[in-house]
Every structure is written in structure tokens, then in C-alpha cells.
Amino acid sequence: MKPIFEVRHLSAGYDHAVVSDISFAVFPGEVVGILGRNGHGKTTLLRGITGDARRFSGEIFINGQDCTSLAVKQQAAFLSILPQRTQILEGITVQEILKMGCYPRHGFLQVISDQDQIKVMDAAERLGIADLLEQDCSKLSQGQQQMVLLCRMLIQDTPVMLLDEPDGALDYSNKHLLFRILHRLVQEEKKAGVLVLHDPEVALRWCDRLLILNEGVLLRDVNVSLAGEQLQEVLQILYPDIQVRKNPFHKGFLCYLQE
């Protein structure tokens with residue numbers, strides 16, 4: 001099977017490289033989590049992929065096509081991103097935000113089709129935000145805004161989806177709703193999902209593979225289907241006192257720090 005998404009020897013940062021020589025591939029139907037301590041380059045890696053951080057070297061391929069130098073509008077047909085924080089202007093309704101997911105196909109000045117309008121409504125129903133469509137998005141809670149922006153990603157319908165700490169502002173139920181929908185979407189539609197996460201327990205439950213990032217360097221690329229003892233050894237690179245046990249109630253693992 002060929003990868004849907006490849007990062008080759010990417011070094012990126014700002015006035016200097018924060019992440020160095022990062023290479024990985026994501027195959028159709030995979031959700032890959034990026035784990036690392038604060039300040040070790042996770043967000044910069046995503047920004048290097050999208051071009052929002054300076055690329056010093058490296059290439060980005062989606063479905064075998066070199067997307068390294070695409071213009072923003074061209075890139076939006078292949079790649080969507082849910083950033084850690086988004087400034088939403090006052091007065092823009094939720095429905096208007098969602099319709100922006102159609103713009104890569106039609107442009108900003110064109111009226112979206114009836115088919116796209118149906119897609120907007122279906123996605124809003126799927127994420128439980130249909131009753132918010134006429135509300136000012138800037139007045140919603142941060143967690144509600146996050147669900148709106150995820151919904152826009154679904155409507156944008158790109159082969160690669162990048163999410164930077166998507167659960168940061170969500171309550172427990174919405175956190176797992178988000179990951180459940182995302183995981184199902186990626187699997188069923190053979191997309192590639194790449195998530196920056198902080199919680200190893202969440203990562204072990206919802207990701208197929210983990211990229212362990214430390215001091216801007218990719219140390220390990222591991223399959224979550226490994227035995228708990230092996231995963232514990234890998235995670236101890238980041239969290240020396242972590243203990244990992246198989247969760248007896250559902251897919252995934254329990255994580256705790258040994259005192």
C-alpha cells in the first residue's frame with residue numbers, strides 16, 4: 001500500500017530550525033499522533049508542513065504529488081488544519097464559518113451549490129451543532145468553536161487532516177465524540193489524520209501510530225498495537241515515571257505516573 005501523506009527530511013522553525021530532519025509517512029485510514037513535551041516542536045512541525053513556519057529543507061507529498069510549494073488555495077484542496085487557537089471575528093455566524101469549507105472547491109465569491117448546502121447541514125448534525133448555525137461564532141464557548149472548526153474540516157473534505165491539540169478546550173463527552181468521529185471518518189474514507197496530543201492515554205486509545213518528538217527530533221515511530229510493556233518503554237522517553245496497562249473495559253490503555 002502506498003502512503004497518502006509523506007514528510008521527507010523536514011527542518012522548520014522561525015529564525016532557526018526548531019524541528020530537524022523529520023521524515024514519516026501516513027497510510028490511508030491511519031490516525032497518527034504526535035507526542036512530545038511542551039516546547040519540543042510539535043506545533044512547529046505542523047506549521048512547517050503547512051508553510052506557516054519557515055521551511056529550511058524538506059518535501060511534502062500527498063497522494064504522490066509534491067505539495068511543498070503550493071499556493072494556499074491549491075494546498076486547501078489537499079490539506080486541512082485545525083490549529084490550536086483561531087481568532088474568530090465578531091459577527092460571523094456558525095453557518096458562514098462552515099460554508100468556508102466549500103471555498104477551496106468554488107472560491108470565495110461563488111454561491112455554494114445545493115449539494116454543498118446539504119453537506120454543511122449533514123456535517124452540523126453529525127457533530128451536534130445544527131442548533132448553533134445562526135449564532136455568532138465569536139460568542140460561543142471555546143469548546144463549541146472547536147467543534148465548529150472541526151465541522152468545517154469535514155466539509156472541506158481533504159485527503160490529509162492536521163489537528164493541533166484538538167481536545168484542549170473540550171469537555172469529556174465532546175472530546176471523545178471528536179475523536180470517535182475523526183477516527184471513523186479517516187478509516188472509512190481512507191484519509192490520513194495527524195494529531196498533536198498531550199495526553200498519552202488519549203493518544204493510545206484513538207491513534208494507530210505514535211510519533212515521539214523530543215527536542216525537535218523524531219525519536220520513535222511506533223505502532224499502538226504493541227504490547228503495553230513495549231509502549232511503556234517508548235513513552236518513558238518523554239515521561240520517565242509513566243506506567244502503561246491494558247484497559248480492561250475498552251480498546252486502549254490506562255496511563256498513570258508512578259509515585
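Here is what the cut-offs are and how they apply
- Residues numbered from 1 in each chain as written.
- Predicted model: local features only at pLDDT ≥ 70, side-chain atom pairs only at ≥ 80, totals over all residues.
- Heavy atoms only, no water.
- Buried < 20%, exposed > 50% of the residue type's maximum accessible area, 1.4 Å probe, protein only.
- Helix = DSSP H or I, 4+ residues; strand = E, 2+ residues; numbered from the N terminus.
- Pairing = 2+ DSSP bridges.
- Contact = heavy atoms within 4.5 Å.
- Axes fitted to C-alpha atoms, helices over the stretch in contact; angles between N-to-C directions.
- Core = buried A, V, L, I, M, F, W, Y, C linked by side-chain atoms within 4.5 Å.
- 1 Å grid on protein atoms, 1.4 Å probe; cavity = no way out; pocket = protein on both sides within 12 Å on 5 of 7 lines; lining within 4 Å.
- Points joined across faces, edges and corners; volume = space filled by probe spheres on them.
- Nonpolar A, V, L, I, M, F, W, Y, C, P; charged D, E, K, R; others polar.

Burial analysis of strand 3 (residues 30-35) places 6 of its 6 residues in the buried class, the great majority of the element. Residues of strand 3 alternate between two faces, with Glu30, Val32 and Ile34 on one and Val31, Gly33 and Leu35 on the opposite face, all of them buried. Bridging between strand 3 and strand 8 (residues 192-197) involves 6 bridges; their strand directions are parallel. Within strand 8, the residue paired with Ile34 across the bridge is Val196. In terms of strand pairing, strand 3 meets strand 9 (residues 209-214) through 4 bridges, oriented parallel. Directly across from Leu35, in strand 9, lies its bridge partner Ile212.

Time to look at the sheet that holds strand 4 (residues 54-62). By definition, the strands of a sheet pair up through backbone hydrogen bonds, in either a parallel or an antiparallel sense. Reading across the sheet, the 4 strands line up as 2-1-4-5 and stay open at both edges, with antiparallel pairing between neighbours. Of all the strands in the sheet, just strand 2 (17-26) and strand 5 (65-66) have a single pairing partner and so form its edges. Sheet topology places strand 1 (residues 5-13) next to strand 4; 7 bridges connect them, and they run antiparallel. Across the sheet, the residue bridging to Glu6 is Phe61, located in strand 4. Running at roughly 110° to strand 1, helix 1 (residues 42-50) makes contact with strand 1, strand 2 and strand 4 of the sheet.

Moving on to the nonpolar core. Counting residues in hydrophobic clusters, the biggest one holds 55 residues, and the most contacted among them are Leu35, Leu98, Leu204 and Leu210. When neighbours within four sequence positions are excluded, Leu210 is seen to be in contact with Gly33, Leu35, Ala203, Leu204, Arg220, Asp221, Val222, Val224 and Leu235. Val7, Val32, Leu45 and Val160 belong to the second largest nonpolar core, which has 25 residues in total.

Next up on the list: the layout of surface pockets. Considering only enclosed or pocket space, the largest pocket measures out at about 820 Å³ in volume. Lining of the largest pocket is provided by 32 residues; of these, Val72, Gln75, Ala76, Ile81 and Gln156 occupy positions nearest its centre. Elements supplying a minimum of two residues to the lining of the largest pocket: helix 1, helix 2 (72-75), strand 6 (79-82), helix 4 (103-106) and helix 6 (142-156). Roughly 200 Å³ of volume is contained in the second largest pocket. Around the second largest pocket, the lining residues are Pro83, Gln84, Arg85, Thr86, Gln142, Gln145, Gln146, Leu149, Glu165, Gly168 and Ala169. Of the residues that constitute the lining of the second largest pocket, the class distribution is 3 nonpolar, 6 polar and 2 charged.

Function-wise, these values are silent; they only describe arrangement.
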